[in-house]
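Coordinate analysis (summary)
Given next are the chains, with one letter for each unit.
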Amino acid sequence: MNSRAMRRSAAAIAAFSATAIVLAGCTSGGDTGGGDAGGDAGSDTLTLATFNDFGYTDELLAEFTEETGITVVHNKASTSDDARANFFQKLGNTGLADVEGVEIDWFAEMMQYSDLLTPVPDDVKGRWIEFKEAAATDAEGNLVAYGTDIGPQGICYREDLYEAAGLPTDRESVEALFPTWDAFFDVADDYTEATGQPFVDSANAVLQGIMNQLEYTYEEPDGAIIATENPDVRESYDTVVERAVPISAYAGQWSDDWFASLAGGEFATMLCPGWMLGIIEGNAPETEGWNIANAFPGGGGNWGGSYLVVPANGANVEAAQQLADWLTAPEQQLKAFENAGTFPSQSEALESPILLDSTNEYFNDAPTGQILTDRADAITVTPFKGPQYFQYHNALQDAVTRVFDGLEDPETSWETWVTQVSGF
């Protein structure tokens with residue numbers, strides 16, 4: 001069966017976000033960071049704080065209101081970085097939303113403060129795939145977070161730009177182009193030489209894709225720091241600055257220019273976890289030619305995947321648990337996938353015909369449910385991300401950005417990173 005098309009313009013996103021902030025100001029004394037868990041709002045109103053696009057549309061949240069009589073005020077941060085800064089500034093104090101979204105790259109950092117979160121009720125446990133639930137279980141055996149999605153990656157590409165460069169455009173042929181990273185970069189070099197345009201959107205997105213195929217990067221489970229001595233990290237960095245930087249339109253993602261380029265055709269290819277599908281369509285709703293291939297260099301890789309948590313000192317903990325439970329139930333995970341491509345982490349949802357038979361009109365009627373299921377099955381490595389992963393990785397992305405911007409040569413920028421992270 002066809003899933004409903006994921007239609008949302010950038011203007012609509014901006015308008016909704018602005019409305020949510022105004023509403024939050026009415027219930028939380030003007031705080032726009034995520035609502036006030038200790039404010040005057042009663043249990044008939046809950047605040048929900050997320051980032052990017054979790055697939056929680058007005059219509060979906062209205063279903064919760066209809067079922068429970070509880071109104072949900074949804075605040076959406078522009079990026080995961082913004083959400084992280086707000087979360088750690090307010091965790092254990094006041095000002096957090098009743099339900100907070102947490103991203104996987106800083107999830108282990110949050111788990112150090114699991115005692116400040118409300119445990120998931122026993123009758124909700126066991127619904128998620130094993131690694132998703134295990135990561136959210138603390139040393140005392142408490143499950144403290146509700147898994148939302150995981151991020152199996154495919155390759156999104158512009159058919160029209162591939163055709164103009166003499167590349168194949170059908171999904172099966174594009175899939176055959178990218179068995180390895182070397183093959184990916186060889187195609188990218190040919191494309192850039194033929195067109196004079198960048199092939200991929202972001203050098204740091206490529207870094208993310210490569211690093212997510214490594215079991216250990218900056219830390220080991222026993223707490224040992226291996227960041228600057230890990231040859232896999234150095235090799236990943238060298239590959240990105242030597243091969244990805246020359247064929248990338250931008251160093252990073254999420255800038256105004258990057259969003260504009262989704263529609264403008266400045267680049268032809270993106271590494272695409274499921275949640276990226278909604279971001280592409282939402283910011284380039286009138287652009288034709290986007291497709292997705294059942295491929296990823298080097299096999300499989302997971303990028304992202306989030307959780308919902310309930311701060312223990314919230315004013316509406318019981319109702320907040322109800323909302324977090326409802327949003328991450330299989331039925332709602334499937335609806336979020338239809339809305340934004342966020343790939344379910346609930347075992348029951350992963351077996352649903354709604355998922356497996358889902359297609360996406362915007363991406364040339366691609367069988368996105370089956371493609372992302374295959375991409376999930378191709379994941380063979382679950383990277384260990386310790387409490388300091390975010391800081392080390394953010395600093396390494398900055399090192400790539402310095403090279404991209406011409407501020408430092410690759411070796412100097414690496415040494416700058418080594419000096420910087422040695423102080424963490």
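See the structure shown above.
We now turn to the structure provided with this report. Computed from a prediction, not measured in an experiment: that's the story for all the values here.

Parameters and conventions
Throughout, residues of each chain are indexed from 1 in the direction in which the sequence is written. For this predicted model, a pLDDT threshold of at least 70 governs which residues receive local features, and a threshold of 80 or more governs which side-chain atom pairs are given and counted, while totals over whole chains, interfaces and linings are taken from all residues. Just so you know, side-chain values use all the structure's heavy atoms and leave hydrogens and water out. Secondary structure elements are taken from DSSP: a helix is a run of H or I of four residues or more, a strand is a run of E of two residues or more, and numbering for both begins at the N terminus. Radius of gyration here uses only the C-alpha atoms, and the compact-globule reference equals 2.2 Å multiplied by the residue count raised to the power 0.38. Each residue is assigned to one of three classes by its accessible area relative to the maximum for its type, calculated with a 1.4 Å probe on protein chains only: buried under 20%, partly exposed between the two thresholds, exposed over 50%. All tallies of charge rest on Lys and Arg as positive and Asp and Glu as negative; His and the ends of each chain are not included. Taken as the charge centre is NZ of Lys, CZ of Arg, CG of Asp or CD of Glu, depending on the residue. The disulfide criterion used throughout: a pair of cysteine sulfur atoms within 2.5 Å. Distance and chemistry together define a polar contact, namely a pair of N or O atoms within 3.5 Å, with one atom able to donate a hydrogen and the other to accept it when in protein, and with adjacent residues in sequence counting only for side-chain atoms on both sides. Every case where a carboxyl oxygen of Asp or Glu lies within 4 Å of a side-chain nitrogen of Lys or Arg is listed as a salt bridge. A pair of aromatic rings is counted whenever rings of Phe, Tyr or Trp (Trp by its six-membered ring) have centres within 6.5 Å, and the orientation is called stacked for planes under 30 degrees apart, edge-to-face for over 60 and tilted otherwise. Counted as over-ring charges are cases with an Arg CZ or a Lys NZ within 6 Å of the ring centre that also lie within 35 degrees of the ring normal. Throughout, a residue-residue contact means that at least one pair of heavy atoms, one from each residue, lies within 4.5 Å. For this analysis, a nonpolar core means a set of buried residues of the types Ala, Val, Leu, Ile, Met, Phe, Trp, Tyr and Cys, connected via side-chain atoms within 4.5 Å. Strand pairing is defined by DSSP finding a minimum of two bridges between the two strands.

The helix and strand tally for the chain stands at 19 helices and 12 strands. Against the 2.2 N^0.38 benchmark of 22 Å for 424 residues, the chain shows a C-alpha radius of gyration of 21 Å, consistent with a compact globule. Expressed as lengths along the three principal axes of its C-alpha atoms, the size of the chain is roughly 60 × 50 × 40 Å. When each of the 424 residues of the chain is scored for burial, the buried share is 56%. The average position of the 17 basic charges and that of the 69 acidic charges among the side chains of the chain differ by 2 Å.

Think of a disulfide as a covalent bridge from one cysteine sulfur atom to another cysteine sulfur atom. Considering all chains together, one arrives at one disulfide under this definition. Shown here is the disulfide that connects C156 with C272, its sulfur atoms set 2.1 Å apart. When the S-S torsion is -115°, as for the bridge of C156 with C272, the disulfide is left-handed. Of this pair, C156 sits in strand β6 (residues 153-158) while C272 sits in strand β9 (residues 269-273), and the two are 116 residues apart along the sequence.

Right, let's get into helix α9 (residues 203-211). In terms of residue burial, α9 counts as a mostly covered element, since nine of its nine residues are buried. Among the residues of α9, those classed as buried are A203, N204, A205, V206, L207, Q208, G209, I210 and M211. Put simply, S202 is the residue that caps the front of α9, since its side-chain oxygen is 3.3 Å from the backbone nitrogen of N204.

Quick look at the pattern of salt bridges now. When their charged atoms lie close together, side chains carrying opposite charge are able to pair. For the coordinates displayed, the defined rule picks out 12 salt bridges. With a shortest N-O distance of 2.6 Å, R234 and E411 are connected by a salt bridge. Taken together, the residues R234 in helix α10 (residues 231-244) and E411 in helix α19 (residues 410-421) connect sequence positions 177 residues apart. When its relative accessible area of 23% is taken as the criterion, R234 is described as partly exposed.

Along helix α12 (residues 274-283), 10 of the 10 residues are buried, which leaves the element largely enclosed by surrounding structure. Among all positions in α12, only G274, W275, M276, L277, G278, I279, I280, E281, G282 and N283 are buried.

Summed over the entire model, instances satisfying the criterion amount to 34 aromatic pairs. Their ring planes at 40° and their centres at 5.0 Å tell us that Y157 and Y162 sit as a pair that is tilted. For Y157, a relative accessible area of 0% puts it in the buried group. With a relative accessible area of 0%, Y162 lands in the buried category. Here a set of aromatic residues connected by ring pairs shows up, and it is made of Y157, Y162, F178, W181, F184, F185, Y191, F199 and F296. It is K132 that lies over the ring of Y307; its NZ or CZ is 4.1 Å from the centre.

Another point: the environment of I150. Note that I150 resides in strand β5 (residues 149-150). Residue I150 is classed as buried on the basis of its relative accessible area, which comes to 5%. Each C-alpha atom, one on I150 and one on F343, is 5.6 Å from the other, the two residues being 193 residues apart in sequence. Ignoring anything within four residues of it in the chain, the contact list for I150 reads I129, F131, K132, N302, G304, G305, F343, P344 and S345.

The subject of this paragraph is the nonpolar core. Counting 48 residues, the largest nonpolar core has Y162, F178, F184, F199, Y218, L396 and W417 as the members making the most contacts within it. Elements with a contribution of two residues or more to this core: β6, α6 (159-164), α7 (171-177), α8 (181-195), α9, α10, α18 (389-404) and α19. The element contributing the most residues to this core is α18, with seven residues. If we skip the residues at most four places from it in the chain, F178 touches I155, Y162, F184, V187, F199, F296 and P297. Ranked by size, the runner-up nonpolar core spans 42 residues in total, among them Y56, L91, L308 and A336.

Turning to the pairing of β6, a few remarks are in order. β6 sits mainly inside the fold: six of its six residues count as buried. Side chains of β6 alternate between two faces, with Q153, I155 and Y157 and G154, C156 and R158 buried alike. Looking at chain direction, β6 and β9 are connected through five bridges and run antiparallel. By the bridge assignment for β9, I155 is matched with L271. Pairing between β6 and strand β10 (residues 290-293): four bridges, direction antiparallel. Residue pairing in the sheet places Y157 in a bridge with N291 of β10.

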